[in-house]
Amino acid sequence: MNTSAVQPTSPLPATRWAELVRARGLRATRDVLRVLLLLEASKAPETHESLMQALQADGSGQPVDRVTLYRVLDRLVQANLLTRIQDSGRTAHFTLAQSAPSGFFECEQCHSLTALPDDPQLPALLEQLNARLQQTGLRSTDITLSVHGLCHDCEEDSDKP
């Protein structure tokens, strides 16, 4: 996904994000709020690199250091405001915890992540899986479904001679 086009058009204003961040025991810094607003506007989980590009292109004139962004992301994950998803290439992607779907499609070629379409049967299926795990003595804390294949763009590229 090209996040340089992501602009924070937030239905949740920065002041509300600041309240949520403070309620979780964190400081509501400019960088923390910018990350949350960008992820809120994004349609897919974002990598550290894509967030760096989006923050540089957001027109604020406020650069963000790479290490600072790593720290911001880690703090937001620890505060349960973000969810970290690792793709098969071991790259971390981040999404808002409140909107994290239960599953993703990962392109095996470009490693883009796309949320699985909503299906009313999926929560029941995941509950059934969790019940089976408990029957075998395993206790899950999180279940995320990962489907692998080729995205539309990569499939078209592979069809070209």
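Structure: see above.
What counts and how
- Residues numbered from 1 in each chain as written.
- Predicted model: local features only at pLDDT ≥ 70, side-chain atom pairs only at ≥ 80, totals over all residues.
- Heavy atoms only, no water.
- 1 Å grid on protein atoms, 1.4 Å probe; cavity = no way out; pocket = protein on both sides within 12 Å on 5 of 7 lines; lining within 4 Å.
- Points joined across faces, edges and corners; volume = space filled by probe spheres on them.
- Helix = DSSP H or I, 4+ residues; strand = E, 2+ residues; numbered from the N terminus.
- Nonpolar A, V, L, I, M, F, W, Y, C, P; charged D, E, K, R; others polar.
- Salt bridge = Lys/Arg side-chain N within 4 Å of Asp/Glu carboxyl O.
- Buried < 20%, exposed > 50% of the residue type's maximum accessible area, 1.4 Å probe, protein only.
- Patch = residues over 30% accessible without salt bridge, like charges linked within 9 Å, V, L, I, M, F, W, Y side chains within 5 Å.
- Areas by Shrake-Rupley, 256 points an atom, 1.4 Å probe, with all protein chains shown as cover.
- Lys, Arg positive; Asp, Glu negative; His and termini not counted.
- Charge placed at Lys NZ, Arg CZ, Asp CG, Glu CD.
- Pairing = 2+ DSSP bridges.
- Contact = heavy atoms within 4.5 Å.
- Axes fitted to C-alpha atoms, helices over the stretch in contact; angles between N-to-C directions.
- Core = buried A, V, L, I, M, F, W, Y, C linked by side-chain atoms within 4.5 Å.
- Expected span 1.5 Å × (residues − 1).
- Arc of directions from axis to C-beta.
- Disulfide = S-S within 2.5 Å.

### Section: the layout of surface pockets
At step 1: Of the volumes computed, that of the largest pocket is approximately 300 Å³.
At step 2: Residue assignment for the lining of the largest pocket shows that the elements contributing at least two residues are strand 2 (82-86) and helix 5 (122-135).
At step 3: The class makeup of the residues in the lining of the largest pocket is nine nonpolar, seven polar and three charged.

### Quick notes on the pattern of salt bridges
At step 1: The full count for this structure, using the stated rule, is five salt bridges.
At step 2: Glutamate 49 is paired through a salt bridge with arginine 66; the nearest N and O atoms lie 2.9 Å apart. Separated by 17 residues along the polypeptide, glutamate 49 in helix 3 (residues 48-56) and arginine 66 in helix 4 (residues 66-78) bring together distant segments of the chain.
At step 3: With a relative accessible area of 39%, arginine 66 lands in the partly exposed category.
At step 4: Connected through shared salt-bridge partners, Arg30, Asp31 and Arg34 make up one network.

### Focus: a negative patch on the surface
At step 1: Taken together, Asp153, Glu155, Glu156 and Asp159 make up a surface patch of like negative charges.
At step 2: Here aspartate 159 lies in helix 6 (residues 152-159).
At step 3: For aspartate 159, a relative accessible area of 61% corresponds to the exposed category.

### Considerations on the sheet that holds strand 1 (residues 46-47)
At step 1: The antiparallel open sheet is built from three strands, whose spatial order is 1-3-2. For this open sheet the edge positions go to strand 1 and strand 2, each flanked by a neighbour on one side alone.
At step 2: As defined by bridge partners, strand 1 adjoins strand 3 (residues 92-96) across two bridges and the pair is classed as antiparallel. Its bridge partner being in strand 3, glutamate 46 is matched across the sheet by phenylalanine 94.
At step 3: Against the sheet, helix 4 engages strand 2 and strand 3, with an angle of about 110° to strand 2.

### A word on the nonpolar core
At step 1: Among the nonpolar cores identified, the biggest contains 26 residues, and Val35, Leu36, Leu69, Leu76 and Leu82 are the most heavily contacted of them.
At step 2: Elements represented by at least two residues in this core include exactly helix 1 (14-23), helix 2 (30-41), helix 3, helix 4 and strand 3.
At step 3: Looking at this core element by element, the count peaks at seven residues for helix 2.
At step 4: Once residues within four sequence positions are removed from consideration, leucine 69 is found in contact with Val35, His48, Leu51, Met52, Leu55 and Val64.

### Looking at helix 4
At step 1: Relative to the 18 Å expected for 13 residues at 1.5 Å per residue, helix 4 spans 19 Å between its end C-alpha atoms, a close match to the ideal helical length.
At step 2: Every buried residue of helix 4 is accounted for by Leu69, Val72, Leu73, Leu76 and Val77. In a view along the axis of helix 4, the buried residues occupy a sector of 130°, so they form one face of it.
At step 3: Elements that come into contact with the buried residues of helix 4 comprise helix 2, helix 3, strand 2 and strand 3.
At step 4: Note on helix 4: the residue one or two positions beyond its end, asparagine 80, has a positive phi of about 60°.

### Some remarks on the state of the cysteines
At step 1: Using the criterion set out here, one finds zero disulfides in the structure.
At step 2: Cysteine 110 takes part in no disulfide bond, and the closest cysteine sulfur to it belongs to cysteine 107, at a distance of 3.7 Å.
At step 3: Judged by its relative accessible area of 41%, cysteine 110 is partly exposed.
At step 4: Lacking any disulfide linkage, cysteine 154 is separated from the closest cysteine sulfur, that of cysteine 151, by 3.6 Å.

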